[in-house]
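Analysis of the macromolecular model
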Amino acid sequence: MLRLTSRQKTGNQAERMAEQIMRQAGLSCLARNHRCRQGELDLVMRDGDTVVLSKCATGSKAAGAVQQRVSGAASNSASSAPPNIFC
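This structure is a prediction, so every number in the text was calculated from the model and none was measured.

The predicted coordinates ought not to be read in detail in places where the model reports low pLDDT. For the protein, per-residue confidence averages 79 on the pLDDT scale, and 66% of positions sit at 70 or higher. The lowest-confidence element of the protein is helix α2 (residues 63-79), averaging 61 in pLDDT; the highest-confidence one is helix α1 (residues 6-24), averaging 92.

Attention now moves to the nonpolar core. One finds A18, M22, L27, C29, L43, M45 and C56 forming the largest nonpolar core, which totals 7 residues. Elements with a contribution of two residues or more to this core: α1 and β2 (39-47).

The buried count for β2 comes to 7 of 9 residues, which makes it a mostly enclosed element. Of the pairings in the sheet, the one linking strand β1 (residues 28-36) to β2 comprises 7 bridges and is antiparallel in character. Paired with R35 across the bridge in β2 is E40. Where β2 meets strand β3 (residues 50-54), 5 bridges bridge the pair, whose relative direction is antiparallel. Note on β3: the bridge partner recorded for V44 is L53. Linking β2 to β3, which pair antiparallel, is a turn of 2 residues; within it G48 sits at a positive phi near 65°.

About the cut-offs
Residues numbered from 1 in each chain as written. Predicted model: local features only at pLDDT ≥ 70, side-chain atom pairs only at ≥ 80, totals over all residues. Heavy atoms only, no water. pLDDT = per-residue confidence, 0-100. Helix = DSSP H or I, 4+ residues; strand = E, 2+ residues; numbered from the N terminus. Core = buried A, V, L, I, M, F, W, Y, C linked by side-chain atoms within 4.5 Å. Buried < 20%, exposed > 50% of the residue type's maximum accessible area, 1.4 Å probe, protein only. Pairing = 2+ DSSP bridges.

Following this line, the structure appears as structure tokens:
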């Protein structure tokens, strides 16, 4: 059995909370934890015709570094097959 670190548990909780908030706002979940060479997107949601990409970060991560990884993952996701972990 895989044991999660405290940091992983906190991250998972933040992702669940973000998904819940977005679902309450009417978005539907397309994928969770979509990984590619450039990084990971925690949530891929849909709001009508708009695809919403989300990276949940807690603590003191550098916003610029997170934004750069999300941008790379988003570019890859837009040009590749659909995410492989569906909600």
